[in-house]
Amino acid sequence: MTMKTLKYLAGALMALSCTTGFAQNQEPESMESMAEKAADELARQLNLDDYQIFRVDSTFLHDYKALNEEIAELRRSQATNPELYYRISDYWGNRIDSTFRSFFTDEQWKSY
């Protein structure tokens, strides 16, 4: 898993873990918003074309939601072993990397 993927997943996990701490009139950042921000940042850094931006956004949106569902399931089961959370994070990070590799150019992949 690349450092950038790790950074995005860490941000997603932090946002997910903070959702219960918001005041009543504040809403946590949505998965759609997080995916869009991450896609915009990568688009800027890697000079992605429109199709690539769409794929990055779609990948983040799908995988952030899936990650959220797995984390929520662990919480419901009251799992306390941090290794379980790391495994889930690693799995989805590697999946994001694999998807990105399929449509990034070699130069974009090296920069990523």
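In the block above lies the structure referred to throughout.
A short tour of the structure in this document, coming up. If you're wondering where the values come from, they're calculated on a predicted model, not measured in any experiment.

Let us now look at the packing of helix 2 (residues 31–46) against helix 3 (residues 50–76). Contact geometry for helix 2 and helix 3: axes closest at 8 Å, N-to-C directions at 140 degrees. With respect to each other, helix 2 and helix 3 are oriented oblique. As for how helix 2 packs across helix 3, the hand of that crossing is right-handed. Packed against helix 2, whose contacting residues are Met-31, Glu-32, Met-34, Ala-35, Glu-36, Ala-38, Ala-39, Leu-42 and Ala-43, the element helix 3 presents Ile-53, Val-56, Asp-57, Phe-60, Leu-61, Tyr-64, Lys-65 and Asn-68 at the interface.

Right, let's talk about the packing of helix 3 against helix 4 (residues 82–103) for a bit. The contact between helix 3 and helix 4 brings their axes to 10 Å, and the two run at 165 degrees. If you check the angle between helix 3 and helix 4, you find them roughly antiparallel. Relative to helix 4, the crossing made by helix 3 is right-handed.

Core analysis: the biggest nonpolar cluster contains 17 residues, and Leu-42, Val-56, Phe-60, Phe-100 and Phe-104 have the highest contact counts within it. Counting only elements with at least two residues in this core, the list comes to helix 2, helix 3 and helix 4. It is helix 2 that provides the largest number of residues to this core, a total of eight residues.

All told, the structure shown has 10 aromatic pairs when counted by the stated rule. On the numbers, 4.9 Å between centres and 85 degrees between planes, the contact of Tyr-91 with Trp-92 is edge-to-face. Overall, Trp-92 belongs to the buried group, its relative accessible area being 6%. In this structure an aromatic cluster arises from ring pairing among Phe-60, Tyr-64, Phe-100, Phe-103, Phe-104, Trp-109 and Tyr-112.

Thresholds, definitions, all that
- Throughout this document, residue positions are counted from 1 along each chain, in the order its sequence is written.
- Whole-chain, interface and lining totals are the exception, using all residues; otherwise, since this is a predicted model, local features are given only for residues with pLDDT of at least 70 and side-chain atom pairs are given and counted only at 80 or more.
- Computation of side-chain values: all heavy atoms of the structure, hydrogens and water removed.
- Between N-to-C directions, angles span 0 to 180 degrees; the directions come from axes that are lines fitted to C-alpha atoms, helices contributing only their stretch in contact.
- By the criteria applied, helices consist of DSSP H or I runs no shorter than four residues and strands consist of E runs no shorter than two, each listed in order from the N terminus.
- An angle counts as roughly parallel when it lies under 35 degrees, as roughly antiparallel when it exceeds 145, as roughly perpendicular when it falls between 65 and 115, and as oblique in every other case.
- By convention the crossing between two helices is left-handed if the near helix lies anticlockwise of the far one by an angle smaller than a right angle, and right-handed if it lies clockwise.
- Contacts: residue pairs with any heavy atoms within 4.5 Å of one another.
- We define a nonpolar core as any set of buried Ala, Val, Leu, Ile, Met, Phe, Trp, Tyr and Cys residues linked to one another through side-chain atoms lying within 4.5 Å.
- Relative accessibility decides the category of a residue: with a 1.4 Å probe and only protein chains considered, values under 20% of the type maximum give buried, values over 50% give exposed, and everything between is partly exposed.
- Think of it this way: a Phe, Tyr or Trp ring, Trp meaning its six-membered ring, pairs with another when their centres are within 6.5 Å, and the plane angle makes it stacked under 30 degrees, edge-to-face over 60, tilted otherwise.

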